[in-house]
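One letter stands for each residue in the lines below.
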Amino acid sequence: MIPELGHFALVVAFVLCGAQAFFPLVGAVAGNRAWMDVGRFAARGQAAFLTIALACLTYSFAVSDFSVAYVAQNSNSALPMHYRISAVWGAHEGSMLLWGWILSLWTLAVTVFSRALPAQLLARVLGVMGLVSLGFLAFILTTSNPFSRLDPAMIEGRDLNPLLQDPGLIFHPPLLYLGYVGFAVGFAFAIAALLGGRLDAAWARWSRPWTLAAWSFLTLGIALGSFWAYYELGWGGWWFWDPVENASFMPWLAATALIHSSAVTEKRGVLKGWTVLLAITVFALSLLGTFLVRSGVLTSVHAFATDPSRGVFILGLLVAVIGGSLLLYAWRAVTISKSSASFAPISREGFILANNLLLFVAMATVLLGTLYPLAVDALGYGKLSVGPPYFNTVFIPLMLAVAVIIGAGVIARWRNDLAPRIGRRLRPAAVATAVVAVAAIAVTRDAPGIRAALAVSLAVWIVSSTITAMNVRFRPWSALAASLAQVPAAQWGMVIAHIGFAVSLVGIALSSLYSTETHRRMVPGDRVEVAGYAFAFTELREVDGPNYRATEAVFEVAAHGQAASVLRAQKRIYSASNMPMTEAGIDGAFTRDLYVSLGEPLEGNAWSVRLYVKPYIRWIWLGAILIAGGGFVAAFDRRYRLLARRNVVGPATEPRAMAGQ
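Attention here is on the structure that accompanies the text. Values in this document were obtained by computation on a predicted structure and should not be read as measured data.

In this section: the pattern of salt bridges. Tallying each qualifying case throughout the model produces 15 salt bridges. When the shortest N-O distance is used, the salt bridge between Arg610 and Glu517 registers 2.8 Å. Taken together, the residues Arg610 in strand S9 (residues 607-615) and Glu517 in strand S1 (residues 516-522) connect sequence positions 93 residues apart. Judged by relative accessible area, which is 31%, Arg610 ranks as partly exposed. Judged by its relative accessible area of 46%, Glu517 falls in the partly exposed class. Of the charged contacts, one joins Arg541 and Glu539 as a salt bridge, the two residues approaching to 3.6 Å between their closest N and O atoms. Overall, the relative accessible area of 34% leaves Glu539 in the partly exposed class. One connected set of salt bridges, linked through shared partners, spans Glu4, Asp65 and Arg149.

What follows concerns the sheet that holds strand S2 (residues 527-530). To summarise the sheet geometry, strands pair through backbone hydrogen bonds and adopt either a parallel or an antiparallel arrangement. Strand order across the open sheet formed by five strands is S2-S3-S4-S5-S6, with antiparallel pairing between neighbours. Only two strands of the sheet have a single neighbouring strand rather than two, namely S2 and strand S6 (580-583). Neighbouring strand axes in the sheet, compared pairwise and without regard to direction, differ in orientation by 25 degrees on average. As judged from the 11 bridges shared by strand S3 (residues 533-544) and strand S4 (residues 548-559), these two strands associate in the antiparallel manner. Following the sheet pairing, Val543 is matched in S4 by Ala550.

Bringing the pairing of strand S8 (residues 592-601) into the picture now. A large share of S8 lies buried, amounting to eight of its 10 residues. Pairing analysis gives four bridges linking strand S7 (residues 585-588) to S8, with the strands arranged antiparallel. Bridged to Ile586 within S8 is Tyr595. As consecutive antiparallel partners, S7 and S8 are separated by three residues. In the sheet, S8 pairs with S9 via eight bridges, with the strands oriented antiparallel. Each bridged residue has a counterpart across the sheet, and for Asp593 the counterpart in S9 is Lys614. Between S8 and S9, which pair antiparallel and follow one another directly, the connecting turn spans five residues, one of which, Gly604, has a positive phi of 70 degrees.

What follows is about helix H16 (residues 427-443). Taking 1.5 Å per residue, 17 residues should reach 24 Å; H16 reaches 24 Å between its end C-alpha atoms and fits that length. Of the residues making up H16, those classed as buried are Ala429, Thr433 and Ala437. Each buried residue of H16 lies within a common arc of 60 degrees when the element is viewed along its axis, so the set occupies one face. Across from the buried face of H16, at angles greater than 90 degrees, the exposed residues are Arg427, Pro428, Val435, Val438 and Val443. Where H16 is buried, its residues contact helix H17 (447-468).

Evaluated as defined, the whole model comprises 33 aromatic pairs. Between Phe227 and Trp621, the ring centres sit 4.9 Å apart and the planes meet at 70 degrees, which makes this aromatic pair edge-to-face. With Phe227 in helix H8 (residues 201-232) and Trp621 in helix H20 (residues 618-635), this residue pair connects regions lying 394 residues apart in the sequence. Residue classification places Trp621 among the buried positions, given a relative accessible area of 8%. Seen in terms of ring centroids, Tyr548 and Tyr574 are 5.4 Å apart; in terms of plane orientation they differ by 50 degrees. Their pairing is tilted.

Moving on: the sheet that holds S7. Ordered by their spatial adjacency, four strands build an open sheet running S1-S9-S8-S7, and the pairing between neighbours is antiparallel. Strand pairing shows two members of the sheet lacking a second neighbour, S1 and S7, which therefore form its edges. Going from strand to strand, the sheet's axes swing by 10 degrees on average, the running direction of each strand aside. Docked against the sheet, H8 engages S7, S8 and S9, running at close to 50 degrees with respect to S8.

Let us look at the nonpolar core. Membership of the largest hydrophobic core comes to 158 residues, with the highest contact counts inside it found for Trp106 and Leu253. Top contributing element to this core by residue count: helix H7 (residues 167-196), with 16 residues. Lining this core are residues from two domains, each supplying at least three of them: domain 1 (1-161) and domain 2 (516-616). The contact partners of Trp106, leaving out residues within four places of it in the chain, are Met129, Leu178, Val181, Gly182, Val185, Trp210, Ala213, Ala214 and Phe217. Listed in part, the 19 residues of the second largest apolar core include Val528, Ala559, Ala569 and Leu598.

Conventions and cut-offs
- Residues numbered from 1 in each chain as written.
- Predicted model: local features only at pLDDT ≥ 70, side-chain atom pairs only at ≥ 80, totals over all residues.
- Heavy atoms only, no water.
- Salt bridge = Lys/Arg side-chain N within 4 Å of Asp/Glu carboxyl O.
- Helix = DSSP H or I, 4+ residues; strand = E, 2+ residues; numbered from the N terminus.
- Buried < 20%, exposed > 50% of the residue type's maximum accessible area, 1.4 Å probe, protein only.
- Pairing = 2+ DSSP bridges.
- Axes fitted to C-alpha atoms, helices over the stretch in contact; angles between N-to-C directions.
- Expected span 1.5 Å × (residues − 1).
- Arc of directions from axis to C-beta.
- Contact = heavy atoms within 4.5 Å.
- Phe/Tyr/Trp six-rings, centres within 6.5 Å; stacked < 30°, edge-to-face > 60°.
- Core = buried A, V, L, I, M, F, W, Y, C linked by side-chain atoms within 4.5 Å.
- Domains from an automatic or database assignment.

What follows is the structure, given as structure tokens:
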């Protein structure tokens, strides 16, 4: 009865989505407050019934109900309980239910935290989100029902993919979906503003905290996915420009442009049309990522489904969203173009726009590299591979330019500024950057050293210019605390995020330039030197896990004659699927990682072994955590709540309101 209850809850949620989509939109046109209010109640009911549906599916996994086809295909009675729970979203049907549930939570949050918005705007926002939910629930019910029964039931399940039997599965998909799906809120605000014909600063101000929160969740999701691939796949890398990796990175790049563009629209009432287009683009890219992962057009360790019929449905939804949004945008083009505000090229708006264009071009290059091989294959011209050489050659220079412009952008004044004034303000940052660059080049004069010096000096440039822009009084020291307390949360968020970007930049550069790798044939007793570390293969033993058997190799690592770490790498065979998996042995530290990965067994008790020393690689993910933390701090700036309660309709006039954005 539990699966039937879950299916019934899905059907009821679908009906409530229809009510949420229809009544608020019609009520907003007719000015009928009662109809507009239906949206709030329908959204809350939808969240409740989708929670019931997800709970029913979770229960089916927990008790190993193999009469449910989805459970039988993705679980096993020997699977540990925490992996049974996370297996709920370990394959296509359950992950789509998770998607719909998270969308209902975002919608519920809008009904709770946006009650101070004008009734018609809130009704339109809920109506648009209802339409999106309606499309995805229709997709689940027609092509991806997680509650389909097997008759007769299977005696034992097939097992969860061993690659997914990892703590990463517990956190990575929910975080990623909180970002993907959260962009539906910013999209809904943009469409609601277009429907109402009122593209002023207010809608950007109201939607910006939601976009910041979704962007922060997506940042964490991408970072966790990168770290998961790093330690789980055994190849020692953290990013391979895999098409499915790119599918999540593209909306992140566009959303990074959006949160900066919306700051300009909020503060100055300009770039309205660009901000709306970015909001549409971000959500469209989220749908495109869903299509790529679930249509079967890609073969990847990250892909979920290979059913073309599902891809056609999502492609249709993608076309409807993009086509309908652009038609609406064209209809309101005259309204968008009416703006009395202007700005000079040398101004904060000008620098933000320049960085926006660079980010958009970077996103377009990733999009081209991802889709071009698919188009060539579809047209019958054969297989084409676009890999890291293309992406690194095109993408890295764009990001370096972004880093340079950040320094000037945070210092520049709104509307108009003078280059000499910006130069004077940036003098301390320029001096610090130059000193670091010269010192770094003097220490290492080879080509990798020069590239590392460039990256580190750019990081110093970002951090020093960002701190300069805070306008904090350091003297006398007694005034420092009071000065810091006056900095708005939005500016603190900017500072933290920019420092995080600098930290990641250093981690990417140093780990890429100075990582050391060797591939050896080793037997117990062998010793190999790698980058000053001695890896001694001391023991080979058999280990039993809850649902696997493993061969474990023990390595003792020493540096300068002193014991540094003990690493344990495994080659596992999972009982249910008889599938092999590699578990790397890693010792992570602030300035380096020691990494051992077992390959295939060779003759004479020997093994193929990969040994790595990776300096500063953890800074990549530390920087990502800081970036996400900065986004959350900015999203919870209390000024957004206060301004929403006042129903402000013009650009904010506080002199320091968006000083940091």
